Amino acid sequence: MTQVMAVDCGVFVDWSQMGDVSHDAAPGKTEYKDLKELKQHARSGQWAKNHSQRSAVYQQLLKALPCRTVTPDAAVYRDIVGNSNSKRNPSAYPLPEFVDGAAVPCYCLKTESVGSVHAVISCIAGQFPDISYCPSLPAVTALLLHWSADEAQCFESVSRMLACNEPGRRLLDQTFLAYQSACMTFGDLVHKYCPSAHKLMVATATDVLEVYSDWQRWVLGDLPFSFAARVMDVYLVEGYKVLYRVALAILKFYRKQRSAAAGSALTKQDSAAVRSDIQAFVQNIGKSVTPEKLLEKAFSIRLFSRKEITLLQLANEKSLQQRGITVKQKRQNVQLAVNADNFSSEIVSAKEIRDIWSWIPERYALCQPQLLFTTSTHGCSLNRFYSHCEGYEPTLMLIRTTDGEVCGAFLSTDWEERKRGGNKLSFFGTGECFVFKMKPEMERYEWVVIKHPELANASQAALEKPSTEPSQLSPFLSARHFNLNSRNTSMFMAGNIDSIIIGGGEGNALYIDSELNHGRTERCLTFDNPPLCAESFQIALLEVWGFKDAMAS
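So, here's what we can say about the structure. Because the structure is predicted, anything quoted here is derived from the model rather than measured. (Residues numbered from 1 in each chain as written. Predicted model: local features only at pLDDT ≥ 70, side-chain atom pairs only at ≥ 80, totals over all residues. Heavy atoms only, no water.)

## Points about the nonpolar core
Convention followed: Throughout this description, the term nonpolar core refers to a set of buried Ala, Val, Leu, Ile, Met, Phe, Trp, Tyr and Cys residues connected via side-chain atoms within 4.5 Å. The classification of residues rests on relative accessible area computed with a 1.4 Å probe and restricted to protein chains. Under 20% of the type maximum is buried, over 50% is exposed, and intermediate values are partly exposed. In this description a helix means any DSSP run of H or I spanning at least four residues, a strand means any run of E spanning at least two, and both kinds are numbered starting from the N terminus. Contact criterion: two residues are considered in contact whenever any of their non-hydrogen atoms come within 4.5 Å of each other.
Met-161, Phe-186, Trp-215, Trp-218, Leu-223, Val-246 and Leu-294 are the most contacted members of the largest nonpolar core, which has 114 residues in total. In terms of residues, this core owes the most to one element, helix 12 (residues 241-262), which gives 11 residues. With near-sequence residues (within four places) excluded, Val-246 lies in contact with Val-219, Leu-223, Val-231, Leu-294, Leu-295 and Ala-298.

Next comes the structure, spelled out in structure tokens:
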């Protein structure tokens with residue numbers, strides 16, 4: 001990075017709240033040629049105690065961002081607003097509608113500095129007319145004001161983050177479409193990496209996605225300043241993915257604290273109450289966790305690569321666009337809960353289907369369930385099963401045994417795919433498939449590679465050139481994108497005229513005969529599941545549900 005001269009910063013800071021952070025110390029090392037060293041220093045808090053050093057490093061990082069050719073700079077701000085460091089009245093600079101009511105966090109700033117944040121954001125709104133939704137902007141602006149010599153420099157820093165045009169990299173969501181798809185992506189990541197926390201959310205909140213829609217605010221807004229500053233260190237170095245990491249770590253710590261406090265007494269409550277509880281935990285996180293511990297937990301999570309997350313984000317955006325949400329649209333409530341009034345199953349209740357819906361990928365949770373096949377109406381025929389289910393993906397299979405046990409599977413791919421193997425039984429599907437049991441207790445079993453990534457390595461060639469086939473629902477979890485140690489770990493679903501099989505390798509998670517009367521369940525390598533019910537069972541009822549508006553191309 002090109003060296004930037006250190007400037008006098010800290011004029012907006014209330015130093016009485018800053019503890020042992022040095023205001024006057026020499027900046028120290030601010031020029032990094034080795035990216036590995038830069039990352040290590042950012043993650044370890046190398047700049048946390050030296051305000052001047054952090055300021056100088058930030059200015060270098062922001063100056064190095066590739067931006068649009070015409071990006072407003074400090075001179076533009078001085079021409080439009082002036083550059084007073086004196087007290088500004090926040091009411092003279094009302095925050096734009098696109099921040100969606102988000103307040104300016106105090107972040108150890110002087111009381112009068114809040115007016116400066118308002119002035120910077122007001123000028124941003126005028127210079128970036130395409131921004132339609134950006135609730136994290138007040139927090140980011142307040143943080144950057146800490147390490148700015150004046151309002152104009154803060155304005156330029158925020159402008160560069162907004163105008164960054166490096167392919168595959170974004171720093172701030174600027175539309176509701178991008179924001180909502182990020183919320184859905186976070187929900188998908190929680191499913192994969194925080195199953196215990198997700199189970200807690202399902203048990204306690206009436207609308208899980210509504211809870212997850214706060215994830216950015218936890219990181220940029222609710223975290224105390226000492227935590228938020230450490231997050232900003234790595235955020236500017238490593239990008240948006242850091243926000244996902246930190247939010248996942250917050251949820252893990254919340255789950256630990258909540259479970260310890262509640263014991264086994266978990267009751268369902270309004271989502272607003274759960275959101276308030278998490279917000280209070282995050283605002284007071286310093287009572288139980290240090291910034292070091294939070295970042296240590298965040299970087300211990302073996303997340304998908306940036307390219308894989310981008311693919312997931314794009315899939316979620318496409319799903320939202322199919323439901324009429326556009327780039328220019330302002331905030332809109334996206335209801336993911338199943339409409340109990342229109343749902344009727346002979347196997348599971350509306351509450352149970354909501355719980356199942358909380359497990360599936362977020363882009364399909366937008367859809368309402370649509371009954372495609374049931375043995376009580378269509379009879380016990382595998383041919384009729386195929387004829388009613390082909391053309392739909394994904395699908396959800398529910399089974400109730402004659403002993404009253406309930407189990408099933410989420411199946412990512414159209415059953416018509418089985419025809420590619422001719423009469424030969426061949427497996428297909430993607431790693432988004434999973435099996436589950438509902439009674440006597442609820443439990444989901446995902447693709448074994450998700451919990452044990454050492455079983456496979458992502459194929460970089462596949463990630464760099466993702467499939468454009470319409471039937472590929474999740475390229476980053478498709479078996480062909482991994483160098484699998486054993487094919488037994490990717491045997492998702494198969495079917496022919498004689499049977500249906502779900503999961504393979506040393507056994508089948510589910511085997512169902514051609515008359516849809518008899519089944520078997522065993523441990524299989526694909527899902528690493530125990531038997532989902534009695535190992536040999538008779539089927540009392542089988543239902544297959546589609547996802548309305550998610551018909552396969």
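## A closer look at helix 15 (residues 306-322)
How we decide: Multiplying 1.5 Å by the residue count of a helix minus one yields the expected span of that helix.
Over its 17 residues, helix 15 extends 24 Å from the first C-alpha to the last, a length consistent with the 24 Å expected when each residue adds 1.5 Å. For helix 15, the complete set of buried residues consists of Glu-308, Ile-309, Leu-311, Leu-312, Gln-313, Ala-315, Asn-316, Glu-317, Ser-319 and Leu-320. A positive phi of about 90° marks Gly-324, the residue just after helix 15.

## Thoughts on unusual backbone geometry
With an omega of -5°, the peptide bond between Glu-393 and Pro-394 qualifies as cis. Counting through the fold element by element, Pro-394 comes out in the loop between helix 19 (382-389) and strand 2 (395-401). Although it is not a glycine, Tyr-107 adopts a positive phi angle of roughly 45°. With respect to the helices, strands and loops of the structure, Tyr-107 is situated in the loop between helix 3 (74-80) and helix 4 (113-127). On the basis of relative accessible area, Tyr-107 is assigned to the buried category, the value being 5%. Non-glycine residue Glu-506 carries a positive phi angle of around 65°. Counting through the fold element by element, Glu-506 comes out in the loop between strand 9 (499-502) and strand 10 (510-513).

## Some remarks on the packing of helix 4 against helix 5 (residues 137-146)
For clarity, the threshold we go by: Comment: axis = line fitted to C-alpha atoms, over the contacting stretch for helices; angle = value between 0 and 180 degrees taken between N-to-C directions. The cut-offs work like this: below 35 degrees is roughly parallel, past 145 is roughly antiparallel, 65 to 115 is roughly perpendicular, and the gaps in between are oblique. Here a crossing is called left-handed whenever its near helix is offset anticlockwise from the far helix by less than a right angle, and right-handed whenever the offset is clockwise. Each residue receives one of three labels: charged for Asp, Glu, Lys and Arg, nonpolar for Ala, Val, Leu, Ile, Met, Phe, Trp, Tyr, Cys and Pro, and polar for the others, Gly being one of them.
Two elements in contact, helix 4 and helix 5, have axes whose closest approach is 10 Å; the angle formed by their N-to-C orientations is 120°. Between helix 4 and helix 5, the interaxial angle falls into the category oblique. Classified by chirality, the crossing of helix 5 by helix 4 is right-handed. On helix 5, the residues that touch Ser-113, Ser-116, Val-117, Val-120, Ile-121 and Ile-124 of helix 4 are Leu-137, Pro-138, Thr-141, Ala-142 and Leu-145. When grouped by side-chain class, the residues that make up the contact of helix 4 with helix 5 number eight nonpolar, three polar and no charged.

## Some remarks on helix 19
Defined as follows: Starting at the helix axis, one direction is taken to each C-beta atom, and the arc is that of these directions. In the analysis that follows, any N or O atom pair within 3.5 Å is treated as a polar contact, provided that within protein one partner can donate a hydrogen and the other can accept it, and provided that, for residues neighboring in sequence, both atoms belong to side chains.
Among the residues of helix 19, Leu-382, Phe-385, Tyr-386 and Cys-389 are the ones counted as buried. Considered in projection along helix 19, the buried side chains sweep an arc of 95° and stay on one side of the axis. The inward-facing, buried residues of helix 19 abut strand 1 (369-374), strand 2, strand 8 (493-495), strand 9 and strand 12 (536-547). Its side-chain oxygen placed 3.4 Å from the backbone nitrogen of Asn-383, Ser-381 serves as the N-cap of helix 19.

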